[in-house]
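The residues making up each chain are set out below.
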Amino acid sequence: MTLDLFEHLPTPHEPELLEPGAVVLRGFALAQAAELLQAVEVTAASAPFRHLITPGGKRMSVAMTNCGPLGWISDRSGYRYGPVDPDTCKRWPPMPAAFRQLALNAADAAGYPGFTPDACLINRYEPGTRLSLHQDRDEGNYDHPIVSVSLGIAAVFLWGGAARADKARRVGLRHGDVVVCGGPARLRFHGVLPLALGEHAMTGAVRINLTFRKAG
Ligand code: MD6
Ligand code: FE
């Protein structure tokens, strides 16, 4: 008889189901975290983080930038994707190969093979920064999933329902965790609670979130 001491332990990166179509892959990006954060710095050197203005005229507390062929922007005229950074009037910086590969691998692990993102929105949170409940609906085609990578200090992710008023679950997202959300869960309301004070060896008092989309 062979004794398998590990048969009752979850396999590494076993998807944690939020609901059908949406999973958390714990620690999926851990091994690449340093490389990803280095690439964020390179990106921000040519497309600096900025606080976008919502169509309603409010300054977003999350600081954002983008890389890849398309970037997400917001201003008084609305939300949209575009190839040019309105702050620099240049194209968004290229999407690093390590970003592209991680997004492909995570989507694949979640059951969405062949994900080829053309946009990576980079969010930077400082203590007190929040992201209110929203749906991601500015992409052309909801058949593609969104892959979201958390780096730095931990946050509480709100996972809601099909309507804004639906009760939201609280899900802790730590350094290296990846959320993949697609299929029947693609248009769920979600957000991030105000970031608590914290300190992370790789980012300081900051949380970085990368969200990969196929927007074009
Ligand atoms: C964040 N994430 O974690 C914000 N959107 O900072 C998102 O807004 C998000 O995690 C679509 C799909 C997954 C996400
Ligand atoms: Fe979102």
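Read on for a plain summary of the structure.

Criteria and cut-off values
- Residues numbered from 1 in each chain as written.
- Chains lettered and ligands numbered in written order.
- Predicted model: local features only at pLDDT ≥ 70, side-chain atom pairs only at ≥ 80, totals over all residues.
- Heavy atoms only, no water.
- Core = buried A, V, L, I, M, F, W, Y, C linked by side-chain atoms within 4.5 Å.
- Buried < 20%, exposed > 50% of the residue type's maximum accessible area, 1.4 Å probe, protein only.
- Helix = DSSP H or I, 4+ residues; strand = E, 2+ residues; numbered from the N terminus.
- Contact = heavy atoms within 4.5 Å.
- Near = heavy atom within 4 Å.
- Polar contact = N/O pair within 3.5 Å; in protein donor to acceptor, adjacent residues only side chain to side chain.
- Areas by Shrake-Rupley, 256 points an atom, 1.4 Å probe, with all protein chains shown as cover.
- Salt bridge = Lys/Arg side-chain N within 4 Å of Asp/Glu carboxyl O.
- Donors = N, O, S within 2.8 Å, 3.2 Å for Na, K, Ca; no water.

**Focus: the nonpolar core**
For step 1, the next point in the chain: Ranked by internal contacts, the top residues of the largest apolar core, which has 32 residues, are Phe99, Val149, Leu210 and Phe212.
For step 2, the next point in the chain: Taken together, the elements giving at least two residues each to this core come down to β2 (22-25), α1 (33-46), β3 (63-67), α2 (97-109), β8 (119-125), β10 (146-152), β13 (178-181) and β15 (207-213).
For step 3, the next point in the chain: Here this core gets 6 residues from one element, more than from any other, and that element is α1.
For step 4, the next point in the chain: Apart from residues no more than four positions distant in its own chain, phenylalanine 99 is found in contact with Leu36, Ala39, Val40, Cys67, Cys120, Ile122, Leu210 and Phe212.
For step 5, the next point in the chain: Counting residues in hydrophobic clusters, the runner-up holds 26 residues, among them Trp72, Tyr125, Leu131 and Cys181.

**Considering the site of ligand 1**
For step 1, the next point in the chain: With respect to spatial proximity, the complete set of residues near ligand 1 consists of Tyr125, Leu131, His134, Asp136, Ile146, Ser148, Phe157, His190, Val192, Arg207, Asn209 and Thr211.
For step 2, the next point in the chain: Within the side chain of aspartate 136, one N or O atom sits 3.3 Å away from a nitrogen atom of ligand 1.
For step 3, the next point in the chain: Contacts to ligand 1 include arginine 207, whose side-chain N or O atom sits 2.7 Å from an oxygen atom.
For step 4, the next point in the chain: When isolated, ligand 1 has an accessible area of 340 Å², and the protein chains bury 98% of it.
For step 5, the next point in the chain: Those elements giving two or more residues to the shell around ligand 1 turn out to be β9 (131-134), β10, β14 (190-192) and β15.
For step 6, the next point in the chain: By residue number, the principal contributor to the shell around ligand 1 is β15, which donates 3 residues.

**Structural notes on the pattern of salt bridges**
For step 1, the next point in the chain: Taken as a whole and judged by the stated rule, the model has 11 salt bridges.
For step 2, the next point in the chain: Measuring nitrogen to oxygen at the nearest pair gives 2.7 Å for the salt bridge that ties aspartate 75 to arginine 80.
For step 3, the next point in the chain: Its relative accessible area of 32% is what places arginine 80 among the partly exposed residues.
For step 4, the next point in the chain: We note a salt bridge from glutamate 126 to arginine 124, for which the minimum N-O separation is 3.6 Å.
For step 5, the next point in the chain: Accessibility expressed as a relative area gives 38% for glutamate 126, which makes it partly exposed.
For step 6, the next point in the chain: Taken together, the salt bridges that share partners define one network made up of Asp136, Glu139, Arg186 and Arg213.

**Section: the coordination of the iron ion (ligand 2)**
For step 1, the next point in the chain: Taken together, His134 (NE2), Asp136 (OD) and His190 (NE2) make up the protein donors of the iron ion (ligand 2), found 2.1 to 2.2 Å from the metal.
For step 2, the next point in the chain: Sequence spacing among the residues donating to the iron ion (ligand 2) works out to H-x1-D-x53-H. With a gap of 56 residues between them, histidine 134 in strand β9 and histidine 190 in strand β14 connect regions that are remote in the sequence.
For step 3, the next point in the chain: According to the relative accessible area criterion, histidine 134 is partly exposed, its value standing at 21%.

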